[in-house]
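What follows is each chain in one-letter form.
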Amino acid sequence: MKKYISLLLLVVLQALLIQTVRAQDKMNIVRSDMSRINAKLGTMMNYNPLYEHKGNYLTADSGYLYKNEIGQEFFEAFGNVVITQPSGTLIYADHLHYDASAQLAKLTGNVKMEDRNSVLTTNYLTYNLRSKIGTYTGGGRIISQNDTITSRNAYYFENTGDAYFRHKVVVRTPSVKVFTDTMRYNGITKNTYFFGPTNIKGQ
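**Student:** Quick question: what am I supposed to make of the overall build of the protein here?
**Tutor:** Each helix and strand in the protein was counted, giving one helix and 18 strands. Going through the 203 residues of the protein one by one, you find that 38% of them count as buried. Restricting the contact set of the protein to residue pairs at least 6 apart, pairs at least 24 apart contribute 29%.

**Student:** Would you take a moment to explain unusual backbone geometry for this structure?
**Tutor:** Excluding glycine, residues mostly have negative phi values, and the peptide bonds linking residues are mostly trans. Look at Lys-132: it is not a glycine, yet its phi comes out positive at around 60°. Relative to the elements of secondary structure, Lys-132 occurs in the loop between β10 (119-128) and β11 (133-136). Looking at Lys-132, the relative accessible area reads 18%, which means it is buried. Despite not being glycine, Lys-168 has its phi angle at roughly 55°, a positive value. Looking at the secondary structure, you find Lys-168 in strand β15 (residues 162-172). By relative accessible area, which is 65% here, Lys-168 ends up exposed.

**Student:** How should the confidence of the model for the protein be read in this particular structure?
**Tutor:** The predicted coordinates ought not to be read in detail in places where the model reports low pLDDT. Put simply, the protein has an average pLDDT of 85, and 87% of its residues get 70 or more. Within the protein, the lowest mean pLDDT, 51, falls on helix α1 (residues 2-25), and the highest, 97, falls on strand β8 (residues 90-99). Here residues 15-23 is modelled with pLDDT under 50, and outside its nearest four sequence neighbours on either side it reaches two contacts, counting other chains as well.

**Student:** Help me understand the packing of aromatic side chains in this model?
**Tutor:** Where two aromatic rings form a pair, the distance of their centres and the angle of their planes describe that pair. Considering all chains together, one arrives at five aromatic pairs under this definition. On the numbers, 5.9 Å between centres and 40° between planes, the contact of Tyr-64 with Tyr-66 is tilted. Residue Tyr-64 is classed as buried on the basis of its relative accessible area of 13%. Here Tyr-66 and Phe-74 contribute two aromatic rings whose centre-to-centre distance is 5.4 Å and whose plane-to-plane angle is 20°, an arrangement assigned as stacked. Residue class for Tyr-66 comes out partly exposed when judged on its relative accessible area of 27%. The exposure class of Phe-74 is buried, given its relative accessible area of 11%. Through pairs of rings, three or more aromatic residues link up here, namely Tyr-64, Tyr-66, Phe-74 and Phe-78.

Rules of the game
- Numbers given for residues are sequential positions, taken from 1 along each chain in its written order.
- In keeping with the model being predicted, local features are shown solely for residues with a pLDDT of at least 70 and side-chain atom pairs are shown and tallied solely at 80 or more, while totals for entire chains, interfaces and linings include all residues.
- Excluding hydrogens and water, the side-chain values take into account all heavy atoms of the structure.
- In DSSP terms, a helix is any run of H or I states spanning at least four residues, a strand is any run of E spanning at least two, and both are numbered starting from the N terminus.
- Type-normalised accessible area, obtained with a 1.4 Å probe on protein chains alone, sets the label of each residue: buried when under 20%, exposed when over 50%, and partly exposed for intermediate values.
- A contact between two residues is defined here by any heavy atoms of the two lying within 4.5 Å.
- By definition, pLDDT measures how confident the predictor is in each residue, and it falls between 0 and 100.
- Classification of ring pairs uses Phe, Tyr and Trp, with its six-membered ring standing for Trp, and accepts pairs whose centres are within 6.5 Å; under 30 degrees between planes counts as stacked, over 60 as edge-to-face, and the remaining range as tilted.

Written out as structure tokens, the structure is:
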């Protein structure tokens, strides 16, 4: 009997824990100009909505929330997407797919991320709002003051200002142009580290 009671208590505790996690992951709608039920999708489309999630604000021309079979919440947004973080970092895109539990944003189309040190542009960016790490693998550019860096792939760490670039990396400064395949750059210190063959052309 004690065994069954212990098992029941464990199940109840697990259920309470799952509910607590889901409540913390829940996105909150602050406002919306208009809402409409999409019978086909079984969702409510909100127009010019403003959502809040863990201190981050998400706006778009339109968007809707939905859940998967285990209750995880997602946000799909279209047109003039803007994510505003507590740090002041802004991210713009044409489309957003946001996983609330992982705080993972997948942004596509005219993506631009602006923070205190640099501006990143690409057409596809995966960005974790919790760890503040961004990744692009289809080509992009980072501008930091007078330095412009383009590459096929990049990993950007907002907290430290570090960026790691891979494949067809080109650095342009007022006095130097650099061609390399692998590079690390810090937007705060302006320090650059090259890994592999590098061609530097100065004026």
